[in-house]
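Report on the structure
As a plain string of letters, each chain reads:
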Amino acid sequence: AVLAMGLGTERPVLAICPGAEFGDAKQWPAQHYAAISAEMITKGWQVWIMGSQNDGEVAQQILRDLSEQEREKCHDLTGRTTLAQAIDLMSVAKAVVSNDSGLMHVAAALGKPIVAMYGSSSADFTPPLADQVQLLSVDISCRPCFERVCPLGHKRCLVDLSPERALAALAQMVDIESHKDQLT
């Protein structure tokens, strides 16, 4: 699937899964995904945006927040793969950053290091079953609410979950610095 999609593996792959079929209250903000993508690309990685056709809009928001050079190393695969192809592609990834979603569980089944964002949901009920997992959430009184849309309209449970926290969590599982010498 990698070659068929015109993708290379010369840079390590960070797969990001910014969609959430359940609803907006499970979706980490696009600008946070863009920030972590930009930082990883600067460190010599590439980013593959995974998801269904429904995730195309959030993928475009992420790409809009990247510089032209960064966009060259970020590939929008939303709506372009079957589930089987998505599984094949994710098997190539070195790490995954994901909302609490179906693709997060695919990454877990593949044994990938995962940084999982929990907003309206709780890892107590649907944790990714893998060894290398960092479960991130913000401790605020209204979470978990288990709603599809934030009843209070602020989505602080996700907005306040910073890209810096996600990068630090990723760095605890994989060496994110060692690829700078491969920059092209």
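Thresholds applied
- Residues numbered from 1 in each chain as written.
- Predicted model: local features only at pLDDT ≥ 70, side-chain atom pairs only at ≥ 80, totals over all residues.
- Heavy atoms only, no water.
- Phe/Tyr/Trp six-rings, centres within 6.5 Å; stacked < 30°, edge-to-face > 60°.
- Helix = DSSP H or I, 4+ residues; strand = E, 2+ residues; numbered from the N terminus.
- Buried < 20%, exposed > 50% of the residue type's maximum accessible area, 1.4 Å probe, protein only.
- Patch = residues over 30% accessible without salt bridge, like charges linked within 9 Å, V, L, I, M, F, W, Y side chains within 5 Å.
- Areas by Shrake-Rupley, 256 points an atom, 1.4 Å probe, with all protein chains shown as cover.
- Salt bridge = Lys/Arg side-chain N within 4 Å of Asp/Glu carboxyl O.
- Pairing = 2+ DSSP bridges.
- Axes fitted to C-alpha atoms, helices over the stretch in contact; angles between N-to-C directions.
- Right-handed = clockwise from strand over helix to strand, strands pointing away.
- Core = buried A, V, L, I, M, F, W, Y, C linked by side-chain atoms within 4.5 Å.
- Contact = heavy atoms within 4.5 Å.
- Parallel < 35°, antiparallel > 145°, perpendicular 65-115°, else oblique.
- Left-handed = near helix turned anticlockwise from the far one by under 90°.
- Nonpolar A, V, L, I, M, F, W, Y, C, P; charged D, E, K, R; others polar.

Turning to the packing of aromatic side chains, a few remarks are in order. Applying the stated rule across the entire model yields 2 aromatic pairs. Ring plane angle 85 degrees and centroid distance 4.9 Å describe the contact between Trp28 and Tyr33, whose orientation is recorded as edge-to-face. Ring geometry for Phe125 versus Phe146: centroids 5.5 Å apart, planes at 80 degrees, classification edge-to-face. Of this pair, Phe125 sits in the loop between strand E5 (114–117) and strand E6 (133–136) while Phe146 sits in the loop between E6 and helix H6 (156–159), placing them 21 residues apart in sequence. Its relative accessible area of 62% is what places Phe125 among the exposed residues. Looking at Phe146, the relative accessible area reads 41%, which means it is partly exposed.

A cluster of nonpolar residues, Leu83, Ile87 and Leu110, forms a patch on the protein surface that exposes about 240 Å² of accessible area. Among the structural elements, Leu83 can be located in helix H4 (residues 83–90). Using a relative accessible area of 57% as the deciding quantity, one classes Leu83 as exposed.

The next thing to look at is the sheet that holds strand E1 (residues 13–17). Strand order across the open sheet formed by 6 strands is E3-E2-E1-E4-E5-E6, with parallel pairing between neighbours. The open sheet terminates on both sides in strands that have one partner only, identified here as strand E3 (74–76) and E6. Neighbour-to-neighbour, the strand axes of the sheet open up by a mean angle of 15 degrees, direction not taken into account. Pairing of strand E2 (residues 46–49) with E3, which is carried by 3 bridges, proceeds in the parallel orientation. Counterpart to Val47 in the pairing with E3 is Cys74.

This part takes up the pairing of strand E4 (residues 95–99). Within E4, 5 of the 5 residues are buried, leaving the element largely enclosed by the surrounding structure. Side-chain alternation along E4 places Ala95, Val97 and Asn99 on one buried face and Val96 and Ser98 on a second face that is also buried. With 4 bridges connecting them, E4 and E5 associate as parallel partners. Bridge assignment links Val97 to a residue of E5, and that residue is Val115. Once the chain exits E4 it traverses helix H5 (residues 102–109) before rejoining the sheet at E5, and the crossover so formed is right-handed.

Now for the nonpolar core. In terms of nonpolar packing, the biggest core is built from 36 residues, with Leu14, Trp28, Val97, Val115, Met117 and Leu170 touching the most fellow members. Among the elements of the structure, E1, helix H1 (30–42), E2, helix H2 (56–64), E4, E5, H6 and helix H7 (163–173) are those that each provide at least two residues to this core. At 7 residues, the largest contribution of residues to this core is made by H1. Residue contacts for Met117: discarding those within four places in its chain leaves Trp28, Tyr33, Val97, Ser98, Asn99, Asp100, Leu136, Leu158, Leu161 and Ala166. With 22 residues, the next largest nonpolar core counts Leu89, Ala93, Val96 and Ile114 among its residues.

The subject of this paragraph is the packing of H1 against H7. Contact pair H1 / H7: the axes reach a minimum separation of 9 Å and the direction vectors enclose 45 degrees. It follows from the interaxial angle that H1 and H7 lie oblique. Relative to H7, H1 is oriented so that their crossing is right-handed. Where H1 approaches H7, its residues His32, Ala35, Ile36, Glu39 and Met40 are matched on the opposing element by Pro163, Ala166, Leu167 and Leu170. Within the contact of H1 with H7, the residues separate by chemical class into 7 nonpolar, 1 polar and 1 charged.

Don't take any of this as a statement about function, it's just geometry.
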